[in-house]
Amino acid sequence: MFILRSALRNLSRSKGRSLLIGILITVIAFSSCIGLAIRQAAKSSRAAALADMTVTAQITPDRTQAISSGQKPSAFKELSLSTLQKYAKAGAVKSFYYTATASLDGSGGLEAYSNTSSDSSSQSGSSSSSSSASGASASTGTSQTASLTTAASATEKGNDGKGFPEGKGMQMGDFTLVGASSDDALTDFTSGTSKIKSGAMFDTDTSDLVCVISQELASANSLKVGSTITLANPNSSKETYKLKVVGIYQNSQSAAQAMAGPQGMSDPANTIYTSYNALKKITDASSKAASSSSTAISSRLNATYVVGSVSGYNKFKSQVKELGLSSGYTVTSADLTSYERSAASLEQLAKLAGWFLVVILAIGAVILVIMSVFSTRERKYEIGVLTAIGMKKREVARLFVTELAALALCGAIIGGGIGAAVSKPVTNKLLSKVSASQVSAQMDRQEAFGRDSAPQGAPGQDSKSGTSKSSGNGSPASQITSITKNPVNGYVVLELLGACLLLTVCAGAVSAASILRYEPLDILSGRD
Amino acid sequence: MLKENVEKLMPETSADAVPAPSPRELVRLDRLCYSYGSHQVLKNISASFLAGKIYAIVGRSGAGKTTLLSVMSGLTDPTSGSLYVNGEDIRKEDKYIYRSHTVGVIFQSYNLLNKLTALENVVLSMEISLRNQGTHYDRAALQEEARRLLDRVGLTPDEMDRRVLKLSGGQQQRVAIARALACQPDILLADEPTGSLDQETQAEIMTLLKDLAREGKCVIIVTHSPEVAGMADEQITLTQAKKTA
């Protein structure tokens, strides 16, 4: 108490010096608080996003391993539905769904919808250069979400390279027919991208040839709920299938967004949804009707395992190995990949904040130590008097360190308070700048390839462009451009106090070393 | 009391034997020497100082008066020889306790803490002394005692609460005396206590020191002033590392 009281008295009696050191510590504390807050924002945003995210997983052939081992990627056969269902029994799996996607042509006057003249001209033929195979959960855009093809028997006709990645041997049609195993598989509907506007969604267990079509397609062909549409095998226009329209949906996603991906998929308005059983009925019938397996309608199977969390995902990876998954296949998560991409801006900002913090603390420590040395020299006479009248040197050192600690605490409170007040807007400002630069870089890359410049990972762009949105809910595919909560929490406050304590210890140690070196007789006799 | 050849007066003792102090002897110097490097300032100083007397140490500049006072105040150790206080060799004592409790020192340039008031200077000295002894204290009681001491040395209540920089030289000297008395020492060491004071104040300070001696304290003054030396009970002259009575 004596030391503290004396320290506070000394501080109040030496206002100029106290103010100078106090301002320095306040500036250091303020800067440190901003740096720590930005770093904390990155951490907490990452944790919160991961906690909110429902992680899904896919099993795909490990093409990287195949290439590195000198094998052709096609050496690994696609897994069958029964095999995929076997892995759904893994303990980490909360739910399992799948879709099959096929490409068909219109028949009986059914025209594909297009919102551009160039697209219209390309649709005059029986096939389109902008064909799509991506369904609601078809995740063909990234290597880690490559789809599984159960049959690839169609012959190639008019494929200019913009179709399926595995387009060889498969004929593209004007329409994408998606067969869903359950409501969860219809991710465009569960995520809110698509909504039924008239009629109702079919029962996903049905084998009846029923479907839902887009509002644009319905308008272009004057179709209503209850109408029947006819789809044909792209390889055989005589092989047709009639589907009854039971619902018409509205898709909020624009064609430009959907077509911006590397594969340049077709207009989403030409996506027709049916049940998995109905689609299987069509492909089975086509196989029987086709003269050879290469001309039958093929479908691509996409299986998704909902594992919930990151830990669930890691468990799933080990469990499928136990269940016998070959090393030629790998477990991936489009959600995590998409999340990592979206969180990159925060990570980059956190790194910058870390370096900023180190620089600030280093400069602050150097300045504070120098000030402390000069201050101690300036107060040499005081040290001499105190020790001459019997105050122990270590007590004098404690007194000086306590003065410094009191200033550091005040500086931490004031600087930390101001830092806390401005950390959120500063973080958001920096975040938006970093994010904007990343988006700009992506756009430049897209433009360099002559594609639409809408960036991958931009809000609303991910679903049908092939950038994967396989999660049933809340895939964090968009850039994190702002934080909603103030990042200055108890942890940051502790870190800030720790930083100020570190500075105090550094400066105090130098000061104490000087004090212990001084001899009162030398000081008072003017020899030091 | 002081002899030119002290060794003749001292009983033959072994090197480790501690001479027994006389009942009123507070300080004894035994063949005390002090050197700054190769330059010997004090050589074989032997003397004893009794309670209730004022001693004036005089001598030419460079004779070692202030050095002797520094050794006696515990600010530095003798190069050789011994200094006994109350029969104890101060080498074996805690220097901080010695400086804050056993002796009171009035420095030539006062050596007050300029940012503090006169009262705070005195209270601080009391607190340091009591803390070194591990004694709990009531700060309010210390302040009361400090006011009493400052009142005794002639400071008004207003002057007590003034920062020492705003006090005159004479007032600062009084504060320095009050601070030296704060720990109730038996020995009072004063280095030129009236050096920069006018005649009237000088007389007042000397009267005060005489009063303290009459109360039983041993007052040792280093001075150049023949007037001050004349007011002492005994004079000690240091000449080139030698002393004469």
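Quantities reported herein were computed from a predicted structural model and do not represent experimental measurements. Position numbers for residues start from 1 in each chain and track the written sequence from start to end. Written order decides the labels, with chains lettered from A and ligands numbered from 1. In view of the model being predicted, local features appear only for residues whose pLDDT reaches at least 70, and side-chain atom pairs are presented and counted only at 80 or more, with totals across whole chains, interfaces and linings using the full set of residues. With hydrogens and water excluded, all non-hydrogen atoms of the structure serve as input to the side-chain values.

Q: Any chance you could break down the interface of chain B and chain A for me, citing the residues and the numbers?
A: Taken residue by residue, the interface counts 27 residues in chain B and 23 residues in chain A. Accessible area that two parts lose when put together, evaluated with a 1.4 Å probe and summed over both, is termed the buried area. On the chain B side of the interface with chain A, the three residues burying the most area are B:Tyr96, B:Ile128 and B:Arg131, jointly 23% of the side's total. One speaks of a salt bridge when a side-chain nitrogen belonging to Lys or Arg is within 4 Å of a carboxyl oxygen belonging to Asp or Glu. In this assembly, chain B and chain A are joined by 3 salt bridges. With its nearest N and O atoms 2.7 Å apart, the salt bridge here joins B:Glu120 to A:Arg13. Counting of polar contacts relies on pairs of N or O atoms within 3.5 Å, with two restrictions inside protein: one atom must be capable of donating a hydrogen and the other of accepting it, and residues adjacent in sequence are counted only when both atoms are side-chain atoms. Counting across the interface, chain B meets chain A through 8 residue pairs in polar contact (both at pLDDT 80 or more). When residues of the side of chain B that touches chain A are traced back to their parent elements, those giving at least two are strand S1 (25-36), helix H3 (95-102) and helix H4 (118-133) of chain B. Helix and strand assignments come from DSSP, with helices taken as H or I runs of at least 4 residues and strands as E runs of at least 2, each series counted from the N terminus. No other element matches H4(B), which puts 7 residues into the side of chain B that touches chain A. Its residues assigned to classes, the side of chain B that touches chain A shows 11 nonpolar, 7 polar and 9 charged. Throughout, a contact is declared for two residues whenever any of their heavy atoms are within 4.5 Å. As a working rule, the residues Ala, Val, Leu, Ile, Met, Phe, Trp, Tyr, Cys and Pro are called nonpolar, Asp, Glu, Lys and Arg charged, and the rest polar, with Gly in that last group.

Q: Hey, could you go over the sheet that holds strand S4 (residues 80-85) of chain B for me, with residue numbers and the actual values?
A: Residues and elements named next belong to chain B. A sheet is described by the order of its strands in space; here 4 strands give the open sequence S2-S1-S4-S5, paired in antiparallel fashion. Strands at the two margins of the open sheet, each flanked by one partner only, are strand S2 (39-50) and strand S5 (88-89). Two strands pair under a simple rule: DSSP has to find at least two bridges between them. Across 2 bridges, S4 lies against S5 in antiparallel orientation. For Tyr84, the partnering residue across the bridge sits in S5 and is Asp89. What counts as an axis is a line fitted to C-alpha atoms, over the stretch in contact for a helix, and the angles between N-to-C directions run from 0 to 180 degrees. Lying over the sheet, helix H2 (residues 65-72) contacts S1, S2 and S4, oriented at roughly 120° with respect to S1.

Q: Residue-level account of a negative patch on the surface, with values.
A: Taken together, A:Asp183, A:Asp184, A:Asp203 and A:Asp205 make up a surface patch of like negative charges. By secondary structure assignment, the location of A:Asp184 is in the loop between strand S4 (175-180) and helix H6 (187-190). Like charges are joined within 9 Å and nonpolar side chains (Val, Leu, Ile, Met, Phe, Trp, Tyr) within 5 Å, but only among residues with over 30% relative accessible area and no salt bridge; these make up the patches. With residues, only the protein chains shown are counted as cover, and all accessible areas are computed by Shrake-Rupley using a 1.4 Å probe. Only four residue types enter the tally: Lys and Arg on the positive side, Asp and Glu on the negative side, with His and both chain ends excluded. The atom standing in for a charge is NZ when the residue is Lys, CZ when it is Arg, CG when it is Asp and CD when it is Glu.

Q: Help me get a handle on the packing of helix H2 (residues 15-52) of chain A against helix H12 (residues 344-378) of chain A, residues and values and all.
A: All names here are of chain A. Between H2 and H12, the shortest axis-to-axis distance is 9 Å and the interhelical angle comes to 160°. Classified by the interaxial angle, the pair formed by H2 and H12 is roughly antiparallel. In this structure, the crossing between H2 and H12 has a hand that is left-handed. For the contact of H2 with H12, the residue count by class is 20 nonpolar, 6 polar and 5 charged. For this classification, under 35 degrees means roughly parallel, over 145 means roughly antiparallel, 65 to 115 means roughly perpendicular, and everything else is oblique. Handedness of a helix crossing follows the sense of rotation of the near helix relative to the far helix, less than a right angle counterclockwise being left-handed and clockwise being right-handed.

Q: Residues and numbers for the side chain of A:Ser107, please.
A: On the secondary structure map, A:Ser107 appears in strand S2 (residues 95-107). Ignoring anything within four residues of it in the chain, the contact list for A:Ser107 reads A:Thr230, A:Leu231, A:Ala232 and A:Thr240.

Q: Please provide a residue-by-residue account of a positive patch on the surface, values included.
A: On the surface, A:Lys15, B:Lys115, B:Arg163 and B:Lys166 cluster together into a patch of positive charge. Here B:Lys115 lies in the loop between strand S6 (103-106) and H4. Between buried and exposed lies partly exposed: a residue is buried under 20% and exposed over 50% of the maximum accessible area for its type, with that area taken using a 1.4 Å probe on protein chains only. B:Lys115 gets classed as partly exposed once you look at its relative accessible area, which sits at 39%.

Spatial relationships are all this shows, so hold off on functional conclusions.
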